[in-house]
Every structure is written in structure tokens, then in C-alpha cells.
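A structural walkthrough
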Amino acid sequence: MLENVGVSDVRHVLVLPDREAAEEVADALGERFALDEEPRTVRDELAGEDDAEDAQWLVLLRDEAGRLDPQELDAFVGEWEGWREEP
């Protein structure tokens, strides 16, 4: 049986309440954390909901080196009323 030894999640998912907040966070992340790769912003509709009002926006960050501190990201995204999803 193969095991995933030493494999870690190499991304962070930041959840924002709207598109404007997600775009602001994506822009500000590069300035604040000196990222190697531009964050990706995507719209995530809640299960079973078609209404745009019920959509959340996600900002995806790759962090293969594990250099981004989750607590700092939590505090940072909290400034836009968002949160970081736990892996």
C-alpha cells in the first residue's frame, strides 16, 4: 500500500464576500508578501444556489516552499471580512 508521506498542501484558499474584495486582496497580497506567482481569483457559487448574491470569491495562492504564515494570512484577509480555509 502506498502512502503519501511528506506531502503537504501547497496552496492557500482565501474566501472573500465579493468580487471587489477578492480583487483588492489579490493585488495587495503581492505587495504584502512578495509572492513568486500571481494569485488566482475565482467565483465559487454555494451548492444549489444560482443567485450571484450567494456567491463567494476565492483567491488561490501557491506556497510550495511553505513560507507564507497561515496566521498572517488569516489576519490579512480578515481586513476584507474574509477568511482562510484550513487545508
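Before going into details, it helps to say that this report is about the structure given with it. For clarity, every value in this text was computed on a predicted model and none was experimentally measured. (Residues numbered from 1 in each chain as written. Predicted model: local features only at pLDDT ≥ 70, side-chain atom pairs only at ≥ 80, totals over all residues. Heavy atoms only, no water.)

**Some details on the packing of helix α1 (residues 19-33) against helix α2 (residues 70-78)**
The cut-off we apply is this: Fitted lines through C-alpha atoms serve as axes, helices being fitted only where they are in contact, and the angles separating the N-to-C directions of these axes extend from 0 to 180 degrees. Per the convention used, a helix needs a DSSP run of H or I reaching at least four residues, while a strand needs a run of E reaching at least two, with both numbered from the N terminus. Working definition: roughly parallel below 35 degrees, roughly antiparallel above 145 degrees, roughly perpendicular at 65 to 115 degrees, and oblique for all remaining angles. In a left-handed crossing the near helix is turned counterclockwise from the far helix by less than a right angle, and in a right-handed crossing that turn is clockwise. We call two residues in contact whenever any of their non-hydrogen atoms come within 4.5 Å of each other. Amino acids outside the nonpolar list (Ala, Val, Leu, Ile, Met, Phe, Trp, Tyr, Cys, Pro) and the charged list (Asp, Glu, Lys, Arg) are all regarded as polar, and Gly is one of them.
Direction vectors running N to C along α1 and α2 enclose 135°, while the axes themselves pass 11 Å from each other. By the angle between their axes, α1 is oblique relative to α2. Viewed along their axes, α1 and α2 form a crossing whose handedness is right-handed. Residue-level contacts link Val25, Ala28, Leu29, Arg32 and Phe33 of α1 to Glu72, Leu73 and Phe76 of α2. Partitioned by chemical class, the residues of the contact of α1 with α2 number six nonpolar, no polar and two charged.

**Overview of the pairing of strand β1 (residues 11-16)**
Here is the key point about a regular strand: its side chains alternate between the two faces of the sheet. The criterion, for reference: For the exposure calls, accessible area comes from a 1.4 Å probe over protein chains only, and a residue counts as buried if that area is under 20% of its type's maximum, exposed if over 50%, partly exposed in between. Note: two strands are recorded as paired if DSSP finds a minimum of 2 bridges between them.
With respect to burial, β1 is a largely interior element, five of its six residues being buried. As judged from the six bridges shared by β1 and strand β3 (residues 55-62), these two strands associate in the antiparallel manner. Counted as the bridge partner of Arg11 is Arg62 from β3.

**Here we look at the pattern of salt bridges**
What counts is decided by this rule: We define a salt bridge as a contact between a side-chain nitrogen of Lys or Arg and a carboxyl oxygen of Asp or Glu at a distance within 4 Å.
Per the stated rule, a full pass over the model turns up seven salt bridges. The partner of Asp74 in a salt bridge is Arg84, and the shortest N-O contact between them spans 3.0 Å. With Asp74 in helix α2 and Arg84 in strand β4 (residues 83-85), this pair connects stretches of sequence that are 10 residues apart. When its relative accessible area of 30% is taken as the criterion, Asp74 is described as partly exposed. The class for Arg84 is buried, based on a relative accessible area of 10%.

**Quick notes on the packing of aromatic side chains**
Going by this rule: Only centres within 6.5 Å qualify two rings of Phe, Tyr or Trp (six-membered ring in Trp) as a pair; their planes then separate them into stacked at under 30 degrees, edge-to-face at over 60, and tilted for everything else.
As enumerated under the stated definition, the model contains two aromatic pairs in all. Aromatic side chains Phe33 and Phe76 sit 5.4 Å apart centroid to centroid with 85° between the ring planes, which places their arrangement in the edge-to-face category. With a gap of 43 residues between them, Phe33 in helix α1 and Phe76 in helix α2 connect regions that are remote in the sequence. Across the pair, Phe76 and Phe33 agree in class, each one buried. Taken together, the aromatic side chains of Phe33, Phe76 and Trp80 make up a single cluster linked through ring pairs.

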